[in-house]
Each structure stands twice: as structure tokens, then as C-alpha cells.
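# Per-entry structural report
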Amino acid sequence: MLSFDGAGELLDALAERFPQALFDGLNGGVNLLEEAAPDPEFPPGEMYVLGEYCDDLLGRYINLYYGSFAALASREDWDGGTWEEELRLTLSHELTHHMEARGGLHALDDRDAEELEAWRRERREEE
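Everything numeric in this text was worked out from a predicted model, so none of it was measured.

The subject of this paragraph is the side chain of Asp39. Along the chain, Asp39 turns up in the loop between β1 (30-33) and β2 (51-56). Look at Asp39: it is buried, it has no salt bridge, and the nearest opposite charge is Arg120 at 5.4 Å. Apart from the residues within four sequence positions on either side, Asp39 is in contact with Met47, Tyr48 and Leu116.

Pasting the structure below:
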């Protein structure tokens, strides 16, 4: 299991690989938070929020939830490469939200909502 500090170091290294222009206007930066963020619309342990792009009174920032990554890593027996890939994909996803928000677009928001609704439908059909 990658520690919180190890995940933070890996996230910092990954962020350095992205073009710095993607971080323009992200005045609150990228934050790795220790807690998990289970999705309240699903049974406990079934669905986790890995990251979120925030644009509120505190500014524009990205939160990634170490506890959510750790819960999935434990359940799916991740190795170091999987940790790196999941952190990179999630950071990329949230940076895309940031860039779309700056441009007044919402295609990724729409796609996320469609995927979440598909998962909800699938879950209801399984019940």
C-alpha cells in the first residue's frame, strides 16, 4: 500500500509532467487529502470519489482523496504502476474540468453525469 506521503510525492512528480499552462488560474492548487470520499448514493465501499475540481469562494482548486485511492487499491490489490496510473488519470481528468470551466464548456461534466447515471441504473437493475 502506498503511504499518504508516498502518494503525495508521486502526485507532485506527476503534476510536474503536465504543461504548466494547465495550472493557470488554479489558485488553490492541487491538494491531496487524507480522507476517503465515498459516494453517498451507493452502498458503503462500492463507489468512491477519487477527485474533484472545485470553483467556489475559496477559488479554483483540485482535491484528490488519498483514502478513496487506498480503499480501491486495497480491494483491487494495486501495485506501484497502478497507483501511478490512477493518480495520473484522475489529475488529468480534474485538470480537464478546470480547462473546460475556464472556457465556459461542460462536455466532461455532461459525460461524468451520463456515466454516473448508467452506474445507478445498473445498480438498480441488480437489486
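On we go from here.
Right, let's talk about the packing of aromatic side chains for a bit. Any two aromatic rings considered together are summarised by their centre-to-centre distance and by the angle between their planes. By the definition in use, this model includes five aromatic pairs. Here Phe69 and Trp78 contribute two aromatic rings whose centre-to-centre distance is 6.5 Å and whose plane-to-plane angle is 70°, an arrangement assigned as edge-to-face. For the pair shown, Phe69 and Trp78 are each scored as buried. Consider the rings of Trp78 and Trp83, whose centres lie 5.3 Å apart with planes at 85°: the pair is edge-to-face. Exposure class is identical for Trp78 and Trp83. Each is buried.

Cut-offs applied
- Residues numbered from 1 in each chain as written.
- Predicted model: local features only at pLDDT ≥ 70, side-chain atom pairs only at ≥ 80, totals over all residues.
- Heavy atoms only, no water.
- Helix = DSSP H or I, 4+ residues; strand = E, 2+ residues; numbered from the N terminus.
- Buried < 20%, exposed > 50% of the residue type's maximum accessible area, 1.4 Å probe, protein only.
- Lys, Arg positive; Asp, Glu negative; His and termini not counted.
- Salt bridge = Lys/Arg side-chain N within 4 Å of Asp/Glu carboxyl O.
- Contact = heavy atoms within 4.5 Å.
- Phe/Tyr/Trp six-rings, centres within 6.5 Å; stacked < 30°, edge-to-face > 60°.

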